[in-house]
Amino acid sequence: MIISCWMDLVGVAFLCAKTRHKWYHFDHSRSRQQQQHKCTETQTGFQKQTTTQGSFSNMTSSSCCKISPIIPIFVSYLLVLSSSICLVHSSDTGKNLNATNQTTLRPEEELHKLKFIRAHLNKINKPAVKTIQSPDGDIIDCVETHLQPAFDHPKLKGQRPLDPPARPNGHNPSGMITEEFQLWSFSGESCPEGTIPIRRTTEQDVLRATSVRKFGRKKIRRVRRDTNSNGHEHAVGYVTGDQYYGAKASINVWAPRVVNQYEFSLSQMWVISGSFGDDLNTIEAGWQVSPELYGDNYPRFFTYWTTDAYQATGCYNLLCSGFVQTNNRIAIGAAISPTSSYNGGQFDISLLIWKDPKHGNWWLEFGSGVLVGYWPSFLFTHLTDHASMVQFGGEIVNSRPSGFHTSTQMGSGHFAGEGFGKASYFRNLQVVDWDNNLIPLSNLRVLADHPNCYDIQGGINRVWGNYFYYGGPGKNPRCP
């Protein structure tokens, strides 16, 4: 699960077309049903690059190698199998006395369940100094920084967020967000200094999970030697065999179709360490469409961590004590807008994860220098030192609806061979070395475990460095 263009416009890159020396980007307005795109002229003052689909037709020099046998083992371990919760009501009548008593007790049991859910919501939904209504229906609470869920952790109680660390050498961020990229911020409202925006969790969010305990967590998966039977399908690039202290990539954002609540589609990068047993440590960030977790089909910015192979530790976003957010402009778990369009404007986000050489915490940066927050080093075992693998790519869950392969899309829903403007991509892949230097990859390998459904093609050039296209439609004549 954890495996593996130009300038970023501070966290978001608009891939533009140049016509008569004017620059255009696609302005996206969203509704819950669809996105409509219109072309508007971009104001000057931003860095732009000229690229069209044809400009990247020569990206054919490959840096890809054959996969190692450890990857299918690892891939089979990871990520979530979406699930739902059903409150079962019997329609049978005239049963024996025991059944009658159970029916009588059922409302009492459900009341207890609701009380348990509300107690959990009171734990993770902190008091807000300001509340913002997002156009997509989300409620964003502005919570005082020192009251966020992370500070419920015994080792963080009474503390406040740390000061920013030294950035990796070779990275020159501007530290500003010049373009809105999340729907909630389109209202013109923002969270005041000293607070962070947190997406409010609802009862409906929790009820979609199999239990309160499993809400916001990835499902535990047993070790499998094959990747064909666990329902998870991948198209990924990765590096291994060295010591890694961080990773960076730019990912274009799409709104792939997910056919039911039991499935998801994501694109992310993982920083990992440990064996592929119960001690697996991961740090993860990217975008995902997850109807179970969020109740809709919007692509959303997310984070995740675990220190025991998804068994009892870790969670998405801020749904447990772990990740410490420091930024008041980005809501983890909130919908991303705009998104890329087929044969149209391309929109990507840049993510950097790296280990602070001084304190050992793992920091997350969005775009060009915008710090989101950090994972404290004490959360981990193996990642207190370094990572042993970095992975980038896409993943879906295939629940085989009606007995056939799912039509859930990965990335844009189109195969890698269609290239720029049509297929999804990761570009400018880099890692952080032992001396806190941001360096290009030297041994990128790629893997698609169901290439007739979702595939991947990698390469390298002077503009995008190491890159790959990936994705696919799922069910098709070659993928029944």
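Criteria and thresholds
Per-chain numbering applies: the sequence of each chain, read as written, is numbered from 1 onward. For a predicted model such as this one, the threshold for reporting local features is a pLDDT of at least 70, and the threshold for listing and counting side-chain atom pairs is 80 or more; totals across whole chains, interfaces and linings nevertheless cover every residue. Excluded from the side-chain calculation are hydrogens and water; included are all heavy atoms of the structure. Only runs of H or I of at least four residues qualify as helices and only runs of E of at least two qualify as strands under DSSP, and these elements are numbered from the N terminus. Throughout this description, buried means an accessible area under 20% of the type-specific maximum (1.4 Å probe, protein chains only), exposed means over 50%, and partly exposed covers the range between. The pairing criterion for strands is at least two bridges between them, as found by DSSP. One side-chain nitrogen of Lys or Arg within 4 Å of one carboxyl oxygen of Asp or Glu is enough to make a salt bridge. Take the buried residues of types Ala, Val, Leu, Ile, Met, Phe, Trp, Tyr and Cys, join any two whose side-chain atoms come within 4.5 Å, and each joined set is a nonpolar core. All axes are obtained by fitting lines to C-alpha atoms, using only the stretch in contact for helices, and the reported angles, taken between N-to-C directions, cover 0 to 180 degrees. Two N or O atoms form a polar contact when they lie within 3.5 Å of each other; inside protein one atom must be a possible hydrogen donor and the other a possible acceptor, and for residues adjacent in sequence the pair counts only when both atoms belong to side chains. When two rings of Phe, Tyr or Trp (its six-membered ring) have centres within 6.5 Å they constitute a pair, described as stacked for plane angles under 30 degrees, edge-to-face for angles over 60, and tilted for the intermediate range. Cation placement over rings: the criterion is NZ of Lys or CZ of Arg within 6 Å of the ring centroid and within 35° of the ring normal. By definition, pLDDT measures how confident the predictor is in each residue, and it falls between 0 and 100. Throughout, a contact is declared for two residues whenever any of their heavy atoms are within 4.5 Å.

- An unreviewed UniProt entry lists the chain under the name Carboxyl-terminal peptidase, with Citrus sinensis as the source organism.

1. Observations concerning the overall build of the chain
In step 1: Helix and strand content of the chain: 4 helices and 23 strands.
In step 2: Here the chain holds 480 residues, and the buried ones make up 57% of them.

2. Things to note about the sheet that holds strand β13 (residues 315-316)
In step 1: Judged by pairing direction, the sheet is antiparallel, and its 7 strands sit side by side in the order β13-β12-β11-β10-β18-β8-β21 without closing on themselves. Edge strands, defined here as strands with exactly one partner in the open sheet, are β13 and β21 (445-448).

3. Brief notes about the pattern of salt bridges
In step 1: If you walk through the whole model with that rule in mind, you get 12 salt bridges.
In step 2: The shortest N-O distance in the salt bridge between Arg208 and Asp205 comes to 2.4 Å.
In step 3: Taking the relative accessible area as the measure of exposure, Asp205 reaches 4% and is therefore buried.
In step 4: For the salt bridge of Arg300 with Asp296, the shortest nitrogen-to-oxygen distance reads 2.6 Å.
In step 5: Taking the relative accessible area as the measure of exposure, Asp296 reaches 8% and is therefore buried.

4. A look at unusual backbone geometry
In step 1: Looking along the chain, the bond that leaves Ser337 and enters Pro338 is cis, with omega of 5°.
In step 2: Along the chain, Pro338 falls in the loop between β14 (324-325) and β15 (346-355).
In step 3: Not every positive phi belongs to a glycine, and Ala309 is a case in point at roughly 60°.
In step 4: Tracing the sequence through the fold places Ala309 in the loop between β12 (300-306) and β13.
In step 5: Despite not being glycine, Tyr310 has its phi angle at roughly 70°, a positive value.

5. A closer look at the nonpolar core
Looking at soluble globular proteins, one finds that nonpolar side chains tend to be buried together.
In step 1: Ranked by size, the top nonpolar core spans 81 residues in total, and within it Trp287, Ile353, Leu364, Trp375, Phe392 and Tyr470 carry the most contacts.
In step 2: Residue contributions to this core peak at 6 residues, all from strand β18 (residues 387-397).
In step 3: Judged by nonpolar contacts, the second largest core, of 12 residues, contains Phe151, Val324, Tyr374 and Val432.

6. Details of the sheet that holds strand β5 (residues 130-133)
In step 1: In space, the 3 strands of this open sheet follow the order β5-β6-β7, with antiparallel pairing throughout. With one partner strand each, in any of the chains shown, β5 and β7 (195-199) form the two edges of the open sheet. In this sheet, neighbouring strand axes are inclined to one another by 25° on average, regardless of whether the strands run parallel or antiparallel.
In step 2: Pairing of strand β6 (residues 139-144) with β7 involves 5 bridges; the strand directions are antiparallel. Paired with Cys142 across the bridge in β7 is Pro197.

7. Regarding the pairing of β6
If a strand is regular, its side chains alternate between the two faces of the sheet.
In step 1: As paired strands, β5 and β6 are joined by 4 bridges and run antiparallel to one another. Residue pairing for β6: Ile132 is matched across the bridge by Ile140.
In step 2: In this antiparallel pair of consecutive strands, β5 and β6, the connection spans 5 residues, and Gly137 shows a positive phi of 100°.

8. A look at the side chain of Thr282
In step 1: Locating Thr282 in the fold gives a position in strand β11 (residues 281-289).
In step 2: Taking the relative accessible area as the measure of exposure, Thr282 reaches 0% and is therefore buried.
In step 3: A polar contact is formed between the side chain of Thr282 and the side chain of Glu284, at a distance of 2.7 Å.

9. Section: the packing of aromatic side chains
In step 1: Counting across every chain of the model gives 19 aromatic pairs.
In step 2: Each ring, one from Phe420 and one from Trp464, has its centre 6.1 Å from the other, and the planes form 65°; the classification is edge-to-face. Here Phe420 is found in the loop between β18 and β19 (424-432), whereas its partner Trp464 is found in the loop between β22 (455-461) and β23 (465-471), with 44 residues between them in sequence. The residues Phe420 and Trp464 share a single accessibility class, namely buried.
In step 3: The ring of Phe404 has Lys475 sitting right over it, with the charged end atom 4.7 Å from the ring centre.
In step 4: Note that Arg478 overlies the ring of Phe415, its terminal NZ or CZ placed 5.5 Å from the centroid.

10. Overview of the confidence of the model for the chain
As a general rule, the predicted coordinates of low-pLDDT regions are not to be interpreted in detail.
In step 1: Here the chain shows a mean pLDDT of 80. Residues at 70 or above account for 74%.
In step 2: Note on residues 1-105: pLDDT is under 50 here. Beyond four places in sequence and across chains, it has 310 contacts.
In step 3: Confidence drops under a pLDDT of 50 for residues 222-229, and excluding neighbours within four residues, the segment shows 18 contacts in the predicted structure.

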